[in-house]
Amino acid sequence: QVQLVESGGGLVQAGGSLRLSCAASGSIRTVYAMGWYRQAPGKQRESVADITLGKTNYADSVKGRFTISRDNAKNMVYLQMNSLKPEDTAVYYCGLKTGYGRSPSWGQGTQVTVSS
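Keep in mind it's a predicted model, so treat the numbers as computed, not measured.

Chemist: Could you give an account of the pattern of salt bridges, naming the residues involved and the relevant values?
Modeler: Two side chains carrying opposite charge are able to pair once their charged atoms lie near each other. What the rule picks out here adds up to 4 salt bridges. In this structure, Lys-63 engages Asp-60 in a salt bridge whose closest nitrogen and oxygen atoms are separated by 3.7 Å. The exposure class of Asp-60 is exposed, given its relative accessible area of 68%. Ionic contacts of the salt-bridge type, sharing partners, join the residues Arg-38, Glu-46, Arg-65 and Asp-88 into one network.

Chemist: Mind laying out the side chain of Glu-6, listing which residues take part and the relevant values?
Modeler: Mapped onto the secondary structure, Glu-6 falls in strand β1 (residues 2-7). Side-chain polar atoms of Glu-6 contact the backbone nitrogen of Cys-94, separated by 2.7 Å. Only 2.9 Å separates the side chain of Glu-6 from the backbone nitrogen of Gly-109, close enough to count as a polar contact. With sequence-adjacent residues up to four places away left out, Glu-6 is seen in contact with Ser-21, Cys-22, Trp-36, Tyr-92, Tyr-93, Cys-94, Gly-107, Gln-108, Gly-109 and Thr-110.

Chemist: Tell me about the packing of aromatic side chains, residues and numbers included.
Modeler: On inspection of all chains with the given rule, the structure shows 2 aromatic pairs. When the ring of Tyr-32 is compared with that of Tyr-100, the centres are 6.0 Å apart and the planes differ by 70 degrees; the resulting orientation is edge-to-face. Of this pair, Tyr-32 sits in the loop between β3 (18-26) and β4 (33-39) while Tyr-100 sits in the loop between β9 (90-97) and β10 (105-106), and the two are 68 residues apart along the sequence. Centre to centre, the rings of Tyr-37 and Trp-106 are 4.9 Å apart; their planes meet at 85 degrees, and the pair counts as edge-to-face. Of this pair, Tyr-37 sits in strand β4 while Trp-106 sits in strand β10, placing them 69 residues apart in sequence. Judged by relative accessible area, which is 17%, Tyr-37 ranks as buried.

Chemist: Got a sec to walk through the nonpolar core? Specific residues and values, please.
Modeler: General note: in soluble globular proteins, nonpolar side chains tend to be found buried as a group. Core analysis: the biggest nonpolar cluster contains 27 residues, and Met-34, Trp-36, Val-48, Phe-66, Leu-79, Met-81 and Tyr-92 have the highest contact counts within it. Taken together, the elements giving at least two residues each to this core come down to β3, β4, β5 (46-52), β7 (66-71), β8 (76-81), β9 and β11 (110-115). Discounting chain neighbours no more than four positions away, the residues touching Met-81 are Gly-16, Ser-17, Leu-18, Leu-20, Arg-65, Phe-66, Tyr-92 and Val-112.

Chemist: Break down the state of the cysteines for me, with residues and values.
Modeler: Scanning the model with the defined rule gives 1 disulfide in all. Shown here is the disulfide that connects Cys-22 with Cys-94, its sulfur atoms set 2.1 Å apart. For the disulfide bridge between Cys-22 and Cys-94, the dihedral angle about the S-S bond is near -80 degrees, and by the sign convention the bridge is left-handed. Here Cys-94 lies in strand β9 and Cys-22 lies in strand β3, a separation of 72 residues in the sequence. For Cys-22, a relative accessible area of 0% translates into the label buried.

Basis of the calculations
Residues numbered from 1 in each chain as written. Predicted model: local features only at pLDDT ≥ 70, side-chain atom pairs only at ≥ 80, totals over all residues. Heavy atoms only, no water. Salt bridge = Lys/Arg side-chain N within 4 Å of Asp/Glu carboxyl O. Buried < 20%, exposed > 50% of the residue type's maximum accessible area, 1.4 Å probe, protein only. Helix = DSSP H or I, 4+ residues; strand = E, 2+ residues; numbered from the N terminus. Polar contact = N/O pair within 3.5 Å; in protein donor to acceptor, adjacent residues only side chain to side chain. Contact = heavy atoms within 4.5 Å. Phe/Tyr/Trp six-rings, centres within 6.5 Å; stacked < 30°, edge-to-face > 60°. Core = buried A, V, L, I, M, F, W, Y, C linked by side-chain atoms within 4.5 Å. Disulfide = S-S within 2.5 Å.

This is how it looks when you write it as structure tokens:
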């Protein structure tokens, strides 16, 4: 069993910044991938940024504005979000996969709201 807990969300004005944190715990033998995903009202969950086997991947919509980082020893992953836009408003989820083709584990989510 894997537990993920996100923190750091909040309300900011357009152009502002937020830093999200995710702490993973439980029976984690290996980490294949760990990253951030978001879901806006009425939309499907989408990938924002992830680290898979050491490779960093970003959605085109956030590239250059968001930075993902991790602390392997602590099973922590972070998302630094700069130059936030109203369209970034969503619930942000931390996700973890223990292997290729395995189903992911999800955190409870943290709300990010960017006002105009």
